[in-house]
Amino acid sequence: MPNTRPGLSRRDLLKGAGGTSAALLLSQPSRIAAQNAAASGAAEAILRLPVLSRPDIVVVHAGDLDGSRVELSRSGTDWTGSGSATGALIHFVPGERQSSIFLESPATPIQRVHLRWQCRFPSAVRVLGDAWERSYGDLQWMPLQAERALPWYALLHLQERTAGVGVKTGTASFAFWQIDPSGISLWLDVRNGSNGVRLGNRQLEIATIVEYSGDAGENAFATAKVLCRRMAEGTRVPITRGNLPVRAIYGSNDWYYAYGKNTPDGILRDADLVTSVAAAGGPKPFTVIDDGYQDRSRFPDMAKLAANIRGRGAVPGIWIRPLRAVPTTPGNLLLPNARWKGDGSEPPPLAYDPTIPESLEAIAAVAAQACGWGFDLIKHDFTTFELLGQWGSQMGASPARGNWYLNDRSLTNAEVVTLLYRRIRSSCGEDRIILGCNTVGHLSVGLFDASRTGDDVSGRQWERTRRTGVNTLAFRLPQHRTFFSVDADCVPLTRDIPWPMSRQWLQAVANSGTVMLVSPEPDAVGKEQRDALRNAFQRSLQTPESEPLDWLDSRTPAEWRSATETQTYDWIMREGEDPFPIGIQRGMD
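### Some details on the nonpolar core
1) Next: Of all hydrophobic cores here, the largest spans 160 residues; its most connected members are Ile101, Phe121, Trp177, Ile318, Trp505 and Met516.
2) Next: Considering each element in turn, this core owes the most residues, eight residues, to helix 4 (residues 220-232).

### Re the pattern of salt bridges
1) Next: Scanning the entire structure with this criterion turns up 34 salt bridges.
2) Next: Salt-bridge contacts for Arg126 lead to Asp553; the nearest nitrogen and oxygen are separated by 3.3 Å. Of this pair, Arg126 sits in strand 8 (residues 126-129) while Asp553 sits in the loop between strand 27 (546-548) and strand 28 (559-562), and the two are 427 residues apart along the sequence.
3) Next: The exposure class of Asp553 is exposed, given its relative accessible area of 63%.
4) Next: Salt-bridge contacts for Arg298 lead to Asp295; the nearest nitrogen and oxygen are separated by 3.1 Å.
5) Next: Asp295 gets classed as partly exposed once you look at its relative accessible area, which sits at 29%.
6) Next: One network of salt bridges, with partners in common, ties together Glu133, Arg134, Arg452, Asp455, Asp456, Arg464 and Asp489.

### What to know about the pairing of strand 11 (residues 153-158)
1) Next: Taken across its six residues, strand 11 has six buried, putting it largely inside the fold.
2) Next: Here strand 11 shows no split at all, with Tyr153, Leu155 and His157 on one side and Ala154, Leu156 and Leu158 on the other all buried.
3) Next: Sheet analysis places strand 8 next to strand 11, joined by four bridges and oriented antiparallel. Bridge assignment links Arg126 to a residue of strand 11, and that residue is His157.
4) Next: As paired elements, strand 11 and strand 12 (residues 161-167) share six bridges and run antiparallel to each other. If you follow Leu155 over to strand 12, its bridge partner there is Gly164.
5) Next: The loop that links strand 11 with its antiparallel partner strand 12 comprises two residues; one of these, Gln159, has a positive phi angle of about 50 degrees.

### Comments concerning the sheet that holds strand 29 (residues 566-568)
1) Next: Reading across the sheet, the three strands line up as 27-28-29 and stay open at both edges, with antiparallel pairing between neighbours. Of all strands in the sheet, those bounded by a partner on one side alone are strand 27 and strand 29. Recorded for the sheet is a direction-independent mean angle of 25 degrees between the axes of neighbouring strands.
2) Next: Summarising the sheet, strand 28 and strand 29 pair through three bridges and their orientation is antiparallel. Directly across from Glu559, in strand 29, lies its bridge partner Thr568.

### Looking at the sheet that holds strand 21 (residues 377-380)
1) Next: Read from one edge of the open sheet, nine strands run 24-23-22-21-20-19-18-26-25, paired in parallel fashion. Either end of the sheet is taken by a strand with one partner, and the two such strands are strand 24 (485-487) and strand 25 (491-493). Adjacent strand axes in the sheet meet at a mean angle of 25 degrees, parallel and antiparallel pairs treated alike.
2) Next: Across three bridges, the pairing between strand 18 (residues 250-253) and strand 26 (residues 516-520) is parallel. Bridging across to strand 26, Tyr250 finds its partner in Met516.
3) Next: Sheet strands touched by helix 14 (residues 499-512): strand 25 and strand 26. Its angle to strand 25, the strand with the most contacts, is close to 150 degrees.

### A word on the packing of helix 14 against helix 15 (residues 527-540)
1) Next: At a minimum axis separation of 8 Å, helix 14 and helix 15 run at an interaxial angle of 15 degrees. Judged on the interaxial angle alone, helix 15 and helix 14 are roughly parallel. In this structure, the crossing between helix 14 and helix 15 has a hand that is left-handed. Of the residues in helix 15, those touching helix 14 at Trp499, Arg503, Leu506, Ala510 and Asn511 are Glu528, Gln529, Ala532, Leu533, Ala536, Arg539 and Ser540.
2) Next: Taken together, the residues of the contact of helix 14 with helix 15 sort by class into six nonpolar, three polar and three charged.

### Details of the packing of helix 13 (residues 462-476) against helix 14
1) Next: Orientation of helix 13 relative to helix 14, taken along the N-to-C sense of each, is 15 degrees, at an axis distance of 12 Å. The angle between helix 13 and helix 14 falls in the class roughly parallel. Here helix 13 runs over helix 14; the crossing is left-handed. Facing Trp462, Thr465, Gly469, Val470 and Leu473 of helix 13, the residues of helix 14 in contact are Met501, Trp505, Ala508, Val509 and Ser512.
2) Next: Classifying every residue of the contact of helix 13 with helix 14 by side-chain character gives seven nonpolar, three polar and no charged.

### Some points on the side chain of Ser540
1) Next: By the element assignment, Ser540 lies in helix 15.
2) Next: You can call Ser540 buried: its relative accessible area is 5%.
3) Next: Of the polar contacts made by the side chain of Ser540, one reaches the backbone oxygen of Phe537; its length is 2.9 Å.
4) Next: In this view, Ser540 contacts Tyr250, Ala510, Gly513 and Met516; residues no more than four positions away in its chain are not counted.

### A short note on the side chain of Asp290
1) Next: Following the sequence through the fold, Asp290 ends up in the loop between strand 19 (286-289) and helix 7 (302-311).
2) Next: A polar contact is formed between the side chain of Asp290 and the side chain of Asn253, at a distance of 3.1 Å.

### A word on the environment of Pro399
1) Next: Of note, Pro399 is situated in the loop between helix 10 (392-395) and helix 11 (413-428).
2) Next: Each C-alpha atom, one on Pro399 and one on Asp189, is 8.4 Å from the other, the two residues being 210 residues apart in sequence.
3) Next: In contact with Pro399, not counting residues within four places along its chain, are Trp132, Phe174, Asp189, Arg191, Leu388 and Gln390.

### Let's talk about the packing of aromatic side chains
In this description, an aromatic ring pair is defined by two values, namely the gap between the centres and the angle between the planes.
1) Next: Scanning all chains against the criterion turns up 25 aromatic pairs.
2) Next: Here Tyr256 and Tyr259 contribute two aromatic rings whose centre-to-centre distance is 6.0 Å and whose plane-to-plane angle is 85 degrees, an arrangement assigned as edge-to-face. Exposure class is identical for Tyr256 and Tyr259. Each is buried.
3) Next: Site record: aromatic cluster; members linked through ring pairs are Trp132, Trp152, Phe174, Phe176 and Trp187.
4) Next: Across from the ring centre of Phe382, 3.7 Å away, lies the NZ or CZ of Arg321, which sits over that ring.
5) Next: The lysine or arginine in question, Arg460, covers the ring of Tyr259, its NZ or CZ lying 3.7 Å from the ring centre.

### Brief notes about the confidence of the model for the protein chain
1) Next: Looking at the protein chain as a whole, the pLDDT averages 92, with 92% of positions reaching at least 70.
2) Next: Confidence over residues 1-27 falls short of pLDDT 50; this stretch has 27 contacts with residues more than four positions distant or in other chains.
3) Next: A low-confidence stretch, residues 31-38 (pLDDT under 50), is modelled with nine contacts involving residues beyond four sequence positions or located in other chains.

Each value, and the rule that gives it
- Residues numbered from 1 in each chain as written.
- Predicted model: local features only at pLDDT ≥ 70, side-chain atom pairs only at ≥ 80, totals over all residues.
- Heavy atoms only, no water.
- Core = buried A, V, L, I, M, F, W, Y, C linked by side-chain atoms within 4.5 Å.
- Buried < 20%, exposed > 50% of the residue type's maximum accessible area, 1.4 Å probe, protein only.
- Helix = DSSP H or I, 4+ residues; strand = E, 2+ residues; numbered from the N terminus.
- Salt bridge = Lys/Arg side-chain N within 4 Å of Asp/Glu carboxyl O.
- Pairing = 2+ DSSP bridges.
- Axes fitted to C-alpha atoms, helices over the stretch in contact; angles between N-to-C directions.
- Contact = heavy atoms within 4.5 Å.
- Parallel < 35°, antiparallel > 145°, perpendicular 65-115°, else oblique.
- Left-handed = near helix turned anticlockwise from the far one by under 90°.
- Nonpolar A, V, L, I, M, F, W, Y, C, P; charged D, E, K, R; others polar.
- Polar contact = N/O pair within 3.5 Å; in protein donor to acceptor, adjacent residues only side chain to side chain.
- Phe/Tyr/Trp six-rings, centres within 6.5 Å; stacked < 30°, edge-to-face > 60°.
- Lys NZ or Arg CZ within 6 Å of the ring centre and 35° of its normal.
- pLDDT = per-residue confidence, 0-100.

See the structure below:
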């Protein structure tokens, strides 16, 4: 194992400097600098990641639910199978900046491909991964943990050096990494449902690998940003939709004070509030209607309401749940119940199978209806949960469970997700902003403009906002304006949340330049809150940037640096942190 803390001995320094006289000239600061340089160089060598070169081991998991593990045999850049994996072939194309992996298997269903590179890492290395869809307050730098699944990318940090590996966005597999003292593994889940994909005569590019090693003096946050840029390289990420700037998504969303009990009058009151504190002459704020508008007794005319929001000087937005099917939907259009990872207390969610053309059109019709009403921001939710039957925090190394498959068995789950996202985009057109929630961010790059990167915050319990909101803002901020505009969720302004806490969260979001939506309960918004909103909106429109300074040591970083200041937040309530689980906020409805 490499030495994790190498240094230059006194004897080594004297050898090249003329003996004792050189020792007298070597000052203490110089000696420390030399030792630090040696340590940094050793860390750089240790963190040289071999993933662009051919792997040492390639394994496929063939068959359906009860498949078999088969180690493939290498010939040049190809690995071929035998036995139960006869006909399976992995083609690895190495390159200087990226390496591509192709799969062929004309006759055998394939579940997963596992690639392994042997190398050594000291125990002092710390590791960070991403999340399958939203994060759930669970992102953090941790010591090496051999069994830990690291979705999409992995960052390694040692002695002020950071390096990272990832797969390019828009991939045809659900990809995760493993890092352990003996090497690096990349797992590519190519299943259809929970069974093997049946490719037929297709050759499928299942992943393209990229890597980046930070320079000396480059902090971990900067390295993470560069790695994200490499993963998205070659994908066009629009900065405008029609006349709407994607980098100016701010305004209101009613969920965290209304929780589905919203009304047209309340929505228009929100529009009046955000337009009254918006900067004159700047981009217009959004007023987003969340769940609850489906009650036609309260919302008889959605097109009129959208027009009224626009008449108030705001841009109308709306939340939709396009995969959900009504109970009268024919069973042959639905996803199998077997995908559902429930506890038996709720029936499986009825949802359309996107691989059935009629179902895909029914999904698209939900988005088209919202656009037809006149809404310019479409926030769609629940698609990962309804497609795969579980939340991202439940997936671990297996995004799909149970024993089921989709109607079209020739597509991987990742391809089906991309198919769904492309259809939603085409239904909305190119001029509307799409914000995904409970969506697979890595597969939405270039298709969706913003992504809710964490589980719900709360207008009732500050602890939830601290755990989920602060965590996702810090740990997924490197993706901002590279994958999409990051939405760490709303700033609830309610009577249940102490204003000093909401004020800090408002400031942190504003300084980050990410999506800035507030949920303003009428009785909780006075002059002080209005003034703070005005300042926060103005700040967010200046496209600022910030970074968490203590994210290597905390799940909820308190020290943040922006272009103008370094701010220390006190996220902890006077009585301390709530020790109890917070669960998943938006469950079955």
